[in-house]
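# A structural walkthrough
In case you want the letters, here they are:
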Amino acid sequence: MPAALHRPEPVLRHSAQPVDQNVPPMQAAAWLCEGRSLFVTDHFGTGLGILAALRSRLDDPGEDGGYVKKRAFRDAFQAASQRLLAPVVGRKVALPGAPPAGFLAELYPDHADFALPVEDARVLSSAWDWYDKGVHFPVLGYRVHPFFGTYIPARMEHLELFGTWLAKHQGARNRAIDVGTGSGVLALQMAKAGFRHVLATDINPNAIESVTRQLRRRPVAAAVELQHADLLGADRGPIDLIVSNPPWMKGEVGRTLDLAMYFQDGFFERFFAQALQRLAPGGRIVFVWSNIIVLSQPDVPHPIQTELDRGRFRLVEKLTRRVKPLRRRTREKVEIWELAAV
């Protein structure tokens, strides 16, 4: 393993107040908001009911709430929900009705008995289900099995658009980098498209572990090298294609997965500085992007356009495709930005 894997922090000692189904969920939610710690003693469903009441009490804005309201709700829910604990005994959630979470055995070799926030136990179980069953990606033709704490695409349009661009790309196919590989889909697409060597980097060790396991599942090894590193990683020579599906919005980073969702000041400046040094003559940078930043954060300078305005790179081609709405109409479009050094 490249580094210590990220995991929810185990609670080894606590003095939380016991709660069960006899406590009204809204009362328990109010206690959590007041700062009390609670310990579920009877059934996992009791904890889920309290979390549902907490969402209601905090006025969950839902998908239509806008970036500011959704982020404020998420931060408040995260803080309060961490105070609702469940027992873990023998690396299993010791409550009737708790779904299986095989990651407990993998991530806690140093502890058998402890407590975890109910929300973390729920997330671990959901992540285990995704990992066990896998997610089918038509652009690859097989399932990807994401490890816990690894970004997994929730839609396919941007991957399909990258596949469209990749199919007609006429440049050299010797060396490529997938910067911030996440679950590795872009790196695997490039390997499938015939690149001789693909370097996949990620600052998140769980992502490196995830893609390592994914590569072991393939009957024929893909030409993918993994590196636990920030941005482009260690210099291995000129790169023909630098690809990244970076964070699409600006925001504060708290949890590990926030690194895949939000960028901060200086992120793109460092990216372009490294890319300028590493790009081979005739090489390309390709961003798998979205117009969500324009729709949700119109006051934030567009990081790609800002760099183009500096004059070090030029736009070769831009592709767009509408996003298929899931629950409501949307103006979002996924984009491919192909850049070359001037």
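Everything discussed here concerns the structure shown above.
Summarised in this report is the structure supplied together with it. (Residues numbered from 1 in each chain as written. Predicted model: local features only at pLDDT ≥ 70, side-chain atom pairs only at ≥ 80, totals over all residues. Heavy atoms only, no water.)

### Some remarks on the packing of helix α1 (residues 25-34) against helix α2 (residues 44-57)
Operational definition: Fitted lines through C-alpha atoms give the axes, limited to the stretch in contact for helices. The angle between two N-to-C directions lies from 0 to 180 degrees. A run of DSSP states H or I qualifies as a helix once it reaches four residues; a run of E qualifies as a strand once it reaches two. Both are numbered from the N-terminal end. In these notes the angle categories are as follows: under 35 degrees is roughly parallel, over 145 is roughly antiparallel, 65 to 115 is roughly perpendicular, and the rest is oblique. Rotating anticlockwise by less than a right angle from the far helix to the near helix defines a left-handed crossing, while the corresponding clockwise rotation defines a right-handed one. Residue contacts are defined here by distance: any two heavy atoms, one from each residue, within 4.5 Å place the two residues in contact. Any residue outside Ala, Val, Leu, Ile, Met, Phe, Trp, Tyr, Cys, Pro, Asp, Glu, Lys and Arg is labelled polar, Gly included; the first ten of those are nonpolar and the last four are charged.
Packing of α1 against α2 leaves a shortest axis separation of 8 Å and a crossing angle of 65°. One element, α1, and the other, α2, form an angle in the roughly perpendicular class. Between α1 and α2 lies a crossing whose hand is right-handed. Within the contact between the two elements, α1 uses Pro25, Met26, Ala28, Ala29, Ala30, Leu32 and Cys33 and α2 uses Gly49, Ile50, Ala53, Leu54 and Arg57. Class assignment of the residues belonging to the contact of α1 with α2 gives a composition of 10 nonpolar, 1 polar and 1 charged.

### Some thoughts on unusual backbone geometry
A negative phi angle is the norm for most residues apart from glycine, just as the trans form is the norm for most peptide bonds. Using the following cut-off: Classification of residues uses two cut-offs on accessible area relative to the type maximum, computed with a 1.4 Å probe and protein chains only: under 20% is buried, over 50% is exposed, and between them is partly exposed.
Unlike most non-glycine residues, Arg91 shows phi in positive territory, near 60°. Note on placement: Arg91 falls in the loop between β3 (84-89) and β4 (92-93). Take Arg91: its relative accessible area is 26%, and that puts it in the partly exposed class. With a phi angle near 50°, Leu231 is a residue other than glycine that sits in the positive phi range. Note on placement: Leu231 falls in the loop between β10 (224-228) and β11 (239-244). Look at Leu231 and you get buried, because its relative accessible area is 5%.

### A closer look at the layout of surface pockets
The following threshold applies: Cavity: a set of points on a 1 Å grid over the protein atoms alone where a 1.4 Å probe fits but cannot get out. Pocket: an open set with protein on both sides within 12 Å along at least five of seven lines, its lining residues, like those of a cavity, having an atom within 4 Å of a point. Grid points are joined across faces, edges and corners, and a volume is the space filled by probe spheres set on the points.
Looking at the second largest pocket, its volume works out to about 600 Å³. In this structure, the second largest pocket is lined by 37 residues; those nearest its centre are Gly180, Asp202, Pro247, Leu259 and Ala260. Counting residues per element, the ones that place at least two in the lining of the second largest pocket are β8 (175-179), α7 (185-192), β9 (197-202), α9 (258-261), β13 (262-263) and α10 (267-278). Tallied by class, the residues present in the lining of the second largest pocket amount to 19 nonpolar, 13 polar and 5 charged.

### Notes on the sheet that holds β8
We apply this condition: A pair of strands is labelled paired if DSSP reports no fewer than 2 bridges between them.
On the basis of which strands lie adjacent, the open sheet formed by 7 strands has the order β10-β9-β8-β11-β14-β16-β15 and mixed pairing. Across the chains shown, the open sheet's two edge strands, defined by having one partner strand only, are β10 and β15 (313-322). Each neighbouring strand pair of the sheet contributes to a mean axis angle of 20°, computed without reference to strand direction. Looking at chain direction, β11 and strand β14 (residues 279-290) are connected through 5 bridges and run parallel. By the bridge assignment for β14, Val243 is matched with Val286. Across the sheet, α7 touches β8, β9, β10, β11 and β14, and the angle it forms with β8 is around 165°. Here helix α8 (residues 205-217) sits on the sheet in contact with β9 and β10, set at roughly 160° to β10.

### Quick notes on helix α5 (residues 118-133)
Condition: To estimate the expected span of a helix, subtract one from its residue number and multiply by 1.5 Å.
When the terminal C-alpha atoms of α5 are compared, their 23 Å separation across 16 residues agrees well with the 22 Å that a helix rising 1.5 Å per residue should span. Buried within α5 are the following residues: Val118, Glu119, Asp120, Ala121, Leu124, Ser125, Ala127 and Tyr131.

### A word on the side chain of Thr181
Test applied: By the criterion applied in these results, polar contacts are pairs of N or O atoms within 3.5 Å in which, for protein atoms, one can donate a hydrogen and the other can accept it, and in which residues neighboring in sequence qualify only through two side-chain atoms.
If you trace the backbone, Thr181 turns up in the loop between β8 and α7. Relative accessible area serves as the criterion here: at 6%, Thr181 is assigned to the buried category. Side-chain polar atoms of Thr181 contact the side chain of Asp178, separated by 2.7 Å. The contacts of Thr181, once residues within four sequence positions are left out, are Ala187, Ala200, Thr201, Asp202 and Val211.

### Looking at the packing of aromatic side chains
We count it as follows: Pairing of aromatic rings covers Phe, Tyr and Trp, the last counted by its six-membered ring, and requires centre-to-centre distances within 6.5 Å; plane angles under 30 degrees mean stacked, over 60 mean edge-to-face, and any other angle means tilted. Two conditions define a charge sitting above a ring: the NZ of Lys or the CZ of Arg must be within 6 Å of the ring centre, and it must be within 35 degrees of the ring normal.
The full count for this structure, using the stated rule, is 17 aromatic pairs. With a centroid separation of 5.0 Å and 90° between ring planes, the pair formed by Phe103 and Trp128 is classed as edge-to-face. Placement of the pair is Phe103 in helix α4 (residues 103-107) and Trp128 in helix α5, with a sequence separation of 25 residues. A relative accessible area of 0% places Phe103 in the buried class. Relative accessible area serves as the criterion here: at 22%, Trp128 is assigned to the partly exposed category. Ring geometry for Phe271 against Phe287: centres 5.1 Å apart, planes inclined by 40°, an arrangement best described as tilted. Of this pair, Phe271 sits in helix α10 while Phe287 is found in strand β14, placing the two residues 16 residues apart along the sequence. Per residue, the accessibility class of Phe271 equals that of Phe287, and both read buried. Feature note: the residues Phe263, Phe267, Phe268, Phe271, Phe272, Phe287, Trp289 and Phe313 constitute an aromatic cluster, connected by ring pairs. Above the ring of Phe77, the side-chain terminus of Arg55 is found at 4.3 Å from the ring centroid. Seen from the ring of Tyr131, Arg217 lies directly overhead, with NZ or CZ sitting 5.5 Å from the centre.

### With respect to the nonpolar core
Convention followed: Each nonpolar core is a collection of buried residues, namely Ala, Val, Leu, Ile, Met, Phe, Trp, Tyr and Cys, held together in the definition by side-chain atoms within 4.5 Å.
One finds Leu84, Val93, Phe103, Leu104, Leu107 and Leu124 to be the most contacted residues of the largest nonpolar core, which totals 36 residues. Counting only elements with at least two residues in this core, the list comes to α1, β2 (38-40), α2, α3 (67-81), β3, α4, β5 (114-117) and α5. When neighbours within four sequence positions are excluded, Leu124 is seen to be in contact with Pro8, Ala101, Phe103, Leu104, Leu107, Tyr108, Leu116 and Phe148. Within the second largest apolar cluster, 33 residues are counted, among which are Val139, Leu161, Ala191 and Leu215.

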